[in-house]
Amino acid sequence: MPQEVKEIFGSALAAKVRTLGPSMTRSMHRVAETVAADPAGCAALTVTGLAQRTGTSEATVVRTARLLGYPGYRDLRLALAGLAAQQQSGRAPAITTDIAVDDPIADVVAKLAYDEQQTLADTAAGLDTAQLGAAVAATASARRIDVYGVGASGLVAQDLTQKLLRIGLIAQAHSDPHLAVTNAVQLRSGDVAIAITHSGATGDVIEPLRVAFEHGATTVAITGRPEGAVAQYADHVLTTSTARESELRPAAMSSRTSQLLVVDCLFVGVAQRTYETAAPALAASYEALAHRHRR
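Residues numbered from 1 in each chain as written. Predicted model: local features only at pLDDT ≥ 70, side-chain atom pairs only at ≥ 80, totals over all residues. Heavy atoms only, no water.

Enquirer: Outline the nonpolar core, listing residues and values.
Expert: Counting 29 residues, the largest nonpolar core has Ile-145, Leu-164 and Ile-194 as the members making the most contacts within it. A total of 6 residues in this core trace back to one element, the largest contributor, which is helix 12 (residues 251-273). Filtering out sequence-adjacent residues up to four positions away, Ile-145 remains in contact with Thr-139, Leu-164, Leu-169, Ile-170, Ala-171, Gln-172, Val-192 and Ile-194. (Core = buried A, V, L, I, M, F, W, Y, C linked by side-chain atoms within 4.5 Å. Buried < 20%, exposed > 50% of the residue type's maximum accessible area, 1.4 Å probe, protein only. Helix = DSSP H or I, 4+ residues; strand = E, 2+ residues; numbered from the N terminus. Contact = heavy atoms within 4.5 Å.)

Now the structure itself:
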């Protein structure tokens, strides 16, 4: 979304606008951007007034409100009024996350820290806990877990499998697309396949997930584009947010923050469900490595 749209720190509405942006029409974009940028002003408008302000129709305003999770425009106006009050009591820091080549390192640290905080808040606000709970349940009882990811998402896939291995589960990460598919062929009902792709369109990740899906495994997609191609082969979709892209920090880098949060939520949920076996396994793995940290 355009960079002139102000971010409302910690706001679930702002998170939804950023996450759902790719699935909106241009007219809906204008409505969503306007309410995110000026909640106080929009809260005072009727549905007709907001339609006139954004150059759209009343029907578009109502559809946008519903896409953002509100039954109707009246409910959206109430939410906007609440956000306006929140802004008056304590606004988010006036920090832009655009990093210039000649920025002092102190500014870089401040901008990145704010960016990371916003990304985590947006991800938490937009994460469907019902979908997460279902993914946790399937993973906790899985005979075997395969995780697919390439590039930066491949690093997240490795992080997840390392965590699962430490609590005694059988998990492996695949960044080689050929190995991913040949392993996916072996999956069956009772197994879990997890695909990590910010774009939702990474073919090397979608193909093994499709194979796993067709062979009866429970499939999970961790993606920033829930409407992307990966979702058609996912039983459960966990949506991530991402920091805004810049020349020095492309999406492949900024998306990793939100992916790691989702992975941590998934792992902790699994560890809770399998605590009787997970706790001893964690203790054993810690003890096995402890001597390496005493040198």
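Anyway, onward from the coordinates.
Enquirer: Now, about the sheet that holds strand 5 (residues 236-239): what can you tell me, with residues and values included?
Expert: Strand order in this open sheet of 5 strands is 2-1-3-4-5, and the pairing throughout is parallel. Two strands close off the open sheet at either side, each with one partner strand: strand 2 (171-174) and strand 5. The average undirected angle you get between the axes of adjacent strands in this sheet is 15°. One ladder, built from 4 bridges, connects strand 1 (residues 145-148) with strand 3 (residues 192-196); its direction is parallel. Of the residues in strand 3, the one forming a bridge with Tyr-148 is Ala-195. Against the sheet, helix 8 (residues 129-140) makes contact with strand 1, strand 3, strand 4 (218-223) and strand 5, and its axis sits at roughly 120° relative to strand 5, the strand it touches most. (Pairing = 2+ DSSP bridges. Axes fitted to C-alpha atoms, helices over the stretch in contact; angles between N-to-C directions.)

Enquirer: I'd like a rundown of the packing of helix 2 (residues 26-37) against helix 4 (residues 47-54), residues and numbers included.
Expert: As a packed pair, helix 2 and helix 4 sit with axes 10 Å apart at the nearest point and diverge in direction by 105°. Judged by the inter-axis angle, helix 2 sits roughly perpendicular to helix 4. Each of Arg-30, Val-31, Thr-34 and Val-35 in helix 2 lies in contact with helix 4, whose residues at this interface are Leu-50, Arg-53 and Thr-54. Here the contact of helix 2 with helix 4 is built from residues that sort into 3 nonpolar, 2 polar and 2 charged. (Parallel < 35°, antiparallel > 145°, perpendicular 65-115°, else oblique. Nonpolar A, V, L, I, M, F, W, Y, C, P; charged D, E, K, R; others polar.)

Enquirer: Tell me about helix 8, and name the residues and values.
Expert: If you check helix 8, its first and last C-alpha atoms are 16 Å apart, about what 12 residues at 1.5 Å a residue would give, namely 16 Å. Taken together, the buried positions of helix 8 are Leu-132, Ala-135, Val-136, Ala-138, Thr-139 and Ala-140. For helix 8, the side-chain oxygen to backbone nitrogen distance between the N-cap and Ala-130 is 2.9 Å, and the N-cap itself is Asp-128. (Expected span 1.5 Å × (residues − 1). Polar contact = N/O pair within 3.5 Å; in protein donor to acceptor, adjacent residues only side chain to side chain.)

Enquirer: Before we move on, could you go through the side chain of Ser-285 and cite the residues and values that matter?
Expert: Note on placement: Ser-285 falls in helix 13 (residues 275-293). In terms of polar contacts, Ser-285 uses its side chain to reach the side chain of Arg-166, at 3.1 Å. A distance of 2.8 Å separates a polar side-chain atom of Ser-285 from the backbone oxygen of Leu-282.

Enquirer: Account for helix 13, naming residues and giving values.
Expert: Since the α-helix packs 3.6 residues into each turn, any two residues three or four apart lie on the same face. With 19 residues, helix 13 extends 26 Å from end C-alpha to end C-alpha; this agrees with the ideal 27 Å at 1.5 Å per step. Along helix 13, the sharpest change in direction is near 30° and occurs at Glu-287. Regarding helix 13, the residues found buried are Ala-278, Ser-285 and Ala-290. (Bend = angle between axes of the 7 residues up to and from the residue.)

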